[in-house]
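# Summary of structural features
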Amino acid sequence: MRIFKSWFLSPDPLSAYPDCTCANLPPQAIACSRYLPQHEWHKAAYLPEMTYYTPYSSRFNQMLLLSFSGSLRTASSNTHTLIAAGLLAPPGVVIEHYDAIGELPHFTPDLDANLPQSIVDLRSRVGKADGLLIACPEYARGIPGSFKNMLDWLVGSPDFPGKPIALFNTSPRASAAQAALKLVLETMSATIIHDACATLHLLGKQTDPATIANDPVCGETLRHAIHALVEHLQVEAAPTYSPRGESPPAT
Ligand SMILES: Cc1cc2nc3c(=O)[nH]c(=O)nc-3n(C[C@H](O)[C@H](O)[C@H](O)COP(=O)(O)O)c2cc1C
């Protein structure tokens, strides 16, 4: 099953298979042909609407990841790491950075009935994302207050539970905050993808995104983590595929 593993990552798998006979099919059939093994591509012509591609049904071959930094510092190594991850994203994967944590109001359940627009926007962006990247520093052996405030706003969001998450730690000694963050995220029913979690040795270093991305160790660590998250999301999408009652192809 060579197609399935790469259909999100490759912008146009059909071009990689010049002997393909499906070139004249409508877009939804072509999208489907990215899923089927080549010898079954003829089935694509008969499939109905692509509703089983949720949550990717509206964009087929583009995956959206949203990143969050727990540091509001301008030259933050955590923020730079997330921007570096965006530079390293493979084709078909977009990593957007959410940069309004410092502007969110303090959490209070009193506002649940009439949410501020900034919270509606935050929840909406989380809802549209296929997965999340989080890089968070340790402050006084815990999670920075502004970041925990944002998480508290997401507790009541119906889109957060089950959201696949990659956790980046830019300081190996910051074990307490990482442990606390994992506990909080698991309590919120997020799905932490352990193969997509990574530690980078950036404590005390002057960083910038390009240097992190081009560093052989950091760059490779981030690439591996993104790949693990993307692969999890690809596999996760598989059980939703059931044209005419068939099982998804084995990967
Ligand atoms: C107020 C404050 C408290 C901190 N407390 C801890 C701590 O408890 N443990 C730790 O390992 N580092 C601590 N640090 C260091 C930061 O975690 C570290 O500098 C981190 O890399 C900063 O991330 P940034 O570059 O993304 O801003 C603290 C830093 C600040 C400013």
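The structure displayed is predicted, hence computed values, not measured ones.

What counts, and where the lines are drawn
- Residues numbered from 1 in each chain as written.
- Predicted model: local features only at pLDDT ≥ 70, side-chain atom pairs only at ≥ 80, totals over all residues.
- Helix = DSSP H or I, 4+ residues; strand = E, 2+ residues; numbered from the N terminus.
- Buried ≥ 20, exposed ≤ 12 C-beta atoms within 10 Å, placed from the backbone.
- Contact = placed C-beta atoms within 7 Å.
- Near = placed C-beta within 6 Å.
- Nonpolar A, V, L, I, M, F, W, Y, C, P; charged D, E, K, R; others polar.
- Core = buried A, V, L, I, M, F, W, Y, C linked by C-beta atoms within 7 Å.
- pLDDT = per-residue confidence, 0-100.
- Pairing = 2+ DSSP bridges.
- Right-handed = clockwise from strand over helix to strand, strands pointing away.
- Arc of directions from axis to C-beta.

## Some remarks on the overall build of the protein chain
From N to C terminus, the protein chain includes seven helices and six strands. Beginning at the N terminus, the succession of helices and strands in the protein chain can be written as α-β-α-β-α-β-α-β-α-β-β-α-α. Taking all 251 residues of the protein chain together, 32% fall into the buried category. Put simply, 75% of the contacts in the protein chain that link residues at least 6 apart link residues at least 24 apart.

## Focus on the site of the ligand
Ser 71, Ser 76, Ser 77, Asn 78 and Pro 137 are the nearest of the 15 residues found near the ligand. Across the shell around the ligand, the residue classes tally to five nonpolar, six polar and four charged.

## Some remarks on the nonpolar core
Ranked by internal contacts, the top residues of the largest apolar core, which has 46 residues, are Leu 133, Ile 134 and Ala 166. Among the elements of the structure, strand E1 (63-69), helix H2 (77-88), strand E2 (93-98), strand E3 (131-135), helix H4 (145-155), strand E4 (164-169), helix H5 (175-187) and helix H7 (216-237) are those that each provide at least two residues to this core. In terms of residue count, the dominant contributor to this core is H7 (seven residues). Discounting chain neighbours no more than four positions away, the residues touching Ala 166 are Leu 133, Ile 193, Ala 196, Cys 197, Ala 225 and Leu 229.

## Here's the deal with the environment of Ala 174
With respect to the secondary-structure elements, Ala 174 resides in the loop between E4 and H5. Each C-alpha atom, one on Ala 174 and one on Ala 140, is 9.8 Å from the other, the two residues being 34 residues apart in sequence. Here Ala 174 is in contact with Pro 137, Glu 138 and Asn 169, once residues within four sequence places are set aside.

## A few points about unusual backbone geometry
Positioned with a positive phi, Arg 141 is a non-glycine residue whose angle comes to about 60°. Locating Arg 141 in the fold gives a position in the loop between E3 and H4. C-beta crowding within 10 Å serves as the criterion here: with 11 such atoms nearby, Arg 141 is assigned to the exposed category. Even without glycine at this site, Ser 189 takes up a positive phi of about 65°. Considering the arrangement of structural elements, one finds Ser 189 in the loop between H5 and strand E5 (191-192).

## Comments concerning the confidence of the model for the protein chain
In this model, the protein chain carries a mean pLDDT of 79, and residues with pLDDT of at least 70 account for 70%. Here residues 1-34 is modelled with pLDDT under 50, and outside its nearest four sequence neighbours on either side it reaches 65 contacts, counting other chains as well.

## Thoughts on the environment of Ser 77
Here Ser 77 is to be found in helix H2. Once the C-alpha coordinates of Ser 77 and Gln 206 are considered, the two residues, 129 residues apart in sequence, prove to be 7.8 Å apart. Leaving out residues up to four positions away in the same chain, Ser 77 has contacts with Thr 170, Leu 202, Lys 205 and Thr 207.

## Looking at the pairing of E3
Buried residues dominate E3, accounting for five of its five residues. The alternating pattern of E3 places Gly 131, Leu 133 and Ala 135 on one face and Leu 132 and Ile 134 on the opposite face, and all of these are buried. Where E1 and E3 come together, five bridges link them in parallel fashion. When the sheet's bridge partners are listed, Phe 68 is paired in E3 with Ile 134. Direction of pairing for E3 relative to E4: parallel, over a ladder of four bridges. From the neighbouring strand, Ile 134 faces E4, where its bridge partner is Leu 167. Regarding topology, H4 serves as the crossover connection from E3 to the parallel E4, and that connection is right-handed.

## Quick look at H4
Turning to H4, its buried residues number three or more, namely Phe 147, Met 150, Leu 151, Trp 153 and Leu 154. Angular distribution of buried residues about the axis of H4 spans 155°; they occupy a single face of the element. For H4, the elements touching its buried residues are helix H3 (117-128) and H5.

## Here's the deal with the environment of Glu 236
Structurally, Glu 236 can be placed in helix H7. Given 16 C-beta atoms within a 10 Å radius, Glu 236 is considered partly exposed. Separated by 72 residues in the primary sequence, Glu 236 and Pro 164 place their C-alpha atoms 9.8 Å from one another.

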